[in-house]
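Residues per chain are reported as follows:
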Amino acid sequence: MTLSVDELVKLFLNHGYLISSDAAELIRSRFTTREEILQLISRISARDRLVVDREVVEEALDRRLEPEPVVEVVNLYKVPNIEPNIEGFKSYFRSRFRKLTRILKGIPSMRGAIPIANASRLGGEVRVIGMVYSVGNRHIEIEDETGRIRVILPQDFRGIVLPDEVVGVVGRVRSRGDVIAATEIVKPGFSRPPKPEIREHFRIAIISDIHVGSKKFLEREFRSFLSWLRDSGVKYLLVNGDLVDGVGIYPDQEEELEIKDVDKQYERLAELLSQVPRSIRIFMIPGNHDAVRQAEPQPPLPEDICSMFPENVQCLSNPAWLNLEGVRILMYHGTSLNDIVESMPNADYQNFDDALKEMLRARHLAPIYGRKLPIAPEKEDYLVIEEVPHILVTGHIHSTRVIQERGVYLVNASAWQSQTRYQKLMNFHPVPARALVFDTRDWSFRELDFSSPR
Ligand code: FE
Ligand code: ZN
């Protein structure tokens with residue numbers, strides 16, 4: 001039974017589209033059932049258009065013949081490759097320096113950058129690239145494989161320089177060759193990533209820091225999120241670390257543990273996740289509370305733990321890359337935010353937007369080395385942000401943020417744990433039980449609050 005033109009027009013209107021008469025004709029000649037037409041509507045990508053004409057329908061028909069949309073998962077890190085000695089550290093920093101230098105050399109003002117030793121010798125106007133060795137009041141020291149030099153920051157410089165990040169310097173070498181008076185500090189930075197063509201629109205839900213096993217785990221709120229998921233239209237669920245509360249993570253943690261055995265904590269998490277429809281793919285990375293090494297990058301949860309979860313769950317490393325049908329996402333737990341926030345005079349745990357932006361400008365997930373966050377001296381630096389994602393996801397701070405910076409979403413996903421004793425001591429007030437939901441249709445985030453009973 002072919003649908004009448006009226007029925008067809010109504011069906012499209014219900015989905016927010018006006019349909020032209022030639023398009024209606026084309027559809028009626030091809031399809032008979034309502035289901036087929038609904039499928040076609042889901043393939044329409046008339047993004048900024050309200051009117052569906054013949055051309056739009058033809059495009060949607062073509063798209064049907066294309067292969068399934070791509071989901072790519074890059075586990076950045078699997079097997080440790082460390083030399084726990086001075087050579088190991090050297091090769092780690094060499095990798096960091098080279099990867100970031102490559103990015104900096106692509107910036108026009110950094111063309112013709114020369115080694116620091118040459119700059120001191122030649123004098124005059126120079127461009128150099130170096131890793132920040134120390135940060136002073138109005139100056140920094142940078143170094144490369146050839147030497148170290150002091151850099152006076154430009155008068156009008158209002159930005160922030162973090163220890164161990166890699167920056168470019170444009171300036172004039174003073175006569176003795178030991179100081180550069182900089183006119184410009186250049187960060188690797190990033191340009192707007194091109195938006196992908198989405199074939200069939202979908203939603204991604206992002207949460208973090210569930211902390212199962214803690215007495216402060218908000219189980220009721222979490223269950224309310226899980227039941228919301230069922231009819232949410234969400235296709236992918238990302239869980240950004242601190243899946244459980246763990247054991248022995250901080251002093252006297254035991255007093256705040258409901259489940260004192262780590263395996264049992266994961267078992268409980270598996271039980272909860274089994275309520276998520278199998279059609280939703282779940283990607284999980286570990287955080288500093290999980291049962292893997294603390295040093296970053298962190299490997300995925302071990303097989304004996306991951307195998308407890310339902311088959312729609314995939315355990316990834318921290319950090320990890322996803323390409324969900326064209327949407328490129330970098331998942332990182334965010335433990336480095338402690339060190340970054342503490343190095344920034346104007347940032348704190350209620351106000352860390354700049355810390356998130358700084359990560360992206362420095363193109364490094366953990367620019368500062370050797371403070372609270374342990375970084376494993378892998379042969380290669382996996383924490384460099386080599387490609388610019390559409391969405392950079394962090395967590396760990398137990399509150400939510402959605403910032404857009406030059407077409408990149410920087411989002412911090414919330415926790416499912418109420419204030420702990422430690423957080424109270426630190427005068428930190430978490431904003432728990434929120435889910436962030438990204439919709440490809442309008443390319444935007446919504447924040448959903450599950451903290452009050454629905
Ligand atoms: Fe956490
Ligand atoms: Zn954490």
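These notes cover the structure that comes with them. All of these numbers come straight from a predicted model, not from anything done at the bench.

What counts as what
Residues numbered from 1 in each chain as written. Chains lettered and ligands numbered in written order. Predicted model: local features only at pLDDT ≥ 70, side-chain atom pairs only at ≥ 80, totals over all residues. Heavy atoms only, no water. Helix = DSSP H or I, 4+ residues; strand = E, 2+ residues; numbered from the N terminus. Buried < 20%, exposed > 50% of the residue type's maximum accessible area, 1.4 Å probe, protein only. Contact = heavy atoms within 4.5 Å. Areas by Shrake-Rupley, 256 points an atom, 1.4 Å probe, with all protein chains shown as cover. Lys, Arg positive; Asp, Glu negative; His and termini not counted. Charge placed at Lys NZ, Arg CZ, Asp CG, Glu CD. 1 Å grid on protein atoms, 1.4 Å probe; cavity = no way out; pocket = protein on both sides within 12 Å on 5 of 7 lines; lining within 4 Å. Points joined across faces, edges and corners; volume = space filled by probe spheres on them. Nonpolar A, V, L, I, M, F, W, Y, C, P; charged D, E, K, R; others polar. Donors = N, O, S within 2.8 Å, 3.2 Å for Na, K, Ca; no water. Tetrahedral: all angles 85-135°; square planar, octahedral: opposite > 155°, others 65-115°. Phe/Tyr/Trp six-rings, centres within 6.5 Å; stacked < 30°, edge-to-face > 60°. Patch = residues over 30% accessible without salt bridge, like charges linked within 9 Å, V, L, I, M, F, W, Y side chains within 5 Å. Salt bridge = Lys/Arg side-chain N within 4 Å of Asp/Glu carboxyl O. Disulfide = S-S within 2.5 Å. Pairing = 2+ DSSP bridges.

The helix and strand inventory of the protein chain stands at 12 helices and 19 strands. Judged by the C-alpha coordinates and their principal axes, the protein chain covers about 90 × 55 × 35 Å. When burial is assessed residue by residue, the protein chain has 55% of its 454 residues classed as buried. Expressed as a percentage of contacts within the protein chain between residues at least 6 apart in sequence, the contacts between residues at least 24 apart total 70%. Carbon together with sulfur atoms contributes 48% to the accessible area of the protein chain, which is approximately 20700 Å² in total. When the 60 positive and 66 negative side-chain charges of the protein chain are each reduced to one mean point, those points stand 4 Å apart.

Here the largest pocket defines a volume of roughly 770 Å³. What lines the largest pocket is a set of 28 residues, and nearest its centre among them are Asn288, His289, Asn338, His396 and Tyr422. Breaking the lining of the largest pocket down by element, the ones donating at least two residues are helix H10 (337-343) and helix H12 (421-425). The dominant element in the lining of the largest pocket, judged by the number of residues it contributes, is H10, at 3 residues. Split into classes, the residues belonging to the lining of the largest pocket amount to 9 nonpolar, 12 polar and 7 charged. Roughly 350 Å³ of volume is contained in the second largest pocket. Lining the second largest pocket are 13 residues, and of these Lys90, Phe93, Arg94, Met131 and Glu143 lie nearest its centre. Mapped by element, the contributors of at least two residues to the lining of the second largest pocket are helix H5 (86-105) and strand E4 (124-135). Broken down by element, the residue count for the lining of the second largest pocket peaks at 6 residues, all from H5. The class makeup of the residues in the lining of the second largest pocket is 7 nonpolar, no polar and 6 charged.

Here we take up the coordination of the iron ion (ligand 1). The protein atoms donating to the iron ion (ligand 1) are Asp209 (OD), His211 (NE2), Asp242 (OD) and His398 (NE2), with metal-donor distances spanning 1.9 to 2.3 Å. Sequence spacing of the donors to the iron ion (ligand 1): D-x1-H-x30-D-x155-H. Taken as an interatomic distance, the gap from the iron ion (ligand 1) to the zinc ion (ligand 2) is 3.1 Å; Asp242 donates to each of them. Taken as a pair, His211 in the loop between strand E9 (203-207) and helix H7 (219-229) and Asp242 in the loop between strand E10 (234-239) and helix H8 (262-273) lie far apart in primary sequence, 31 residues in all.

A few words on the coordination of the zinc ion (ligand 2). The zinc ion (ligand 2) binds to the protein through Asp242 (OD), Asn288 (OD1), His333 (NE2) and His396 (ND1), with metal-donor distances spanning 2.1 to 2.2 Å. Taken together, the 4 donor atoms surrounding the zinc ion (ligand 2) define angles of 89 to 159° at the centre, an arrangement classified as irregular. For the zinc ion (ligand 2), all donor residues lie on one chain, and their spacing in sequence is D-x45-N-x44-H-x62-H.

Attention shifts here to the packing of aromatic side chains. For the structure shown, the criterion picks out 21 aromatic pairs. Aromatic pair Phe93 and Tyr369: ring centres 4.9 Å apart, planes at 70°, arrangement edge-to-face. Of the two residues, Phe93 is situated in helix H5 and Tyr369 in the loop between helix H11 (353-361) and strand E15 (391-394); the sequence distance between them amounts to 276 residues. Of the two residues, Phe93 and Tyr369, both sit in the buried class. Aromatic pair Trp228 and Phe450: ring centres 5.9 Å apart, planes at 65°, arrangement edge-to-face. Of this pair, Trp228 sits in helix H7 while Phe450 is found in the segment after strand E19 (444-449), placing the two residues 222 residues apart along the sequence.

All right, on to a nonpolar patch on the surface then. A cluster of nonpolar side chains, namely Val5, Val9, Leu13, Leu18, Leu50 and Val51, defines an oily patch on the protein surface of about 490 Å² accessible area. With 3 residues, helix H1 (residues 5-14) is the single largest residue contributor to the nonpolar patch.

Going through the model one piece at a time under the given rule, you end up with 1 disulfide. Each sulfur in the disulfide pair Cys306 and Cys315 lies 2.0 Å from the other. Between Cys306 and Cys315, the disulfide has an S-S torsion of 100° and is therefore right-handed. Grouping residues by exposure puts Cys306 and Cys315 together as buried.

Most of strand E18 (residues 434-439) is tucked away, with 6 of its 6 residues classed as buried. In this sheet, E18 lies alongside E9 in antiparallel orientation, the contact comprising 4 bridges. Within E18, the position partnered with Ile206 by the bridge is Leu436. Sheet topology note: the E18/E19 ladder contains 6 bridges and is antiparallel. Within E19, the residue paired with Arg434 across the bridge is Asp449. Hairpin geometry of E18 and E19 is characterised by an intervening segment of 4 residues between the two adjacent antiparallel strands and by a positive phi of about 55° at Trp443.

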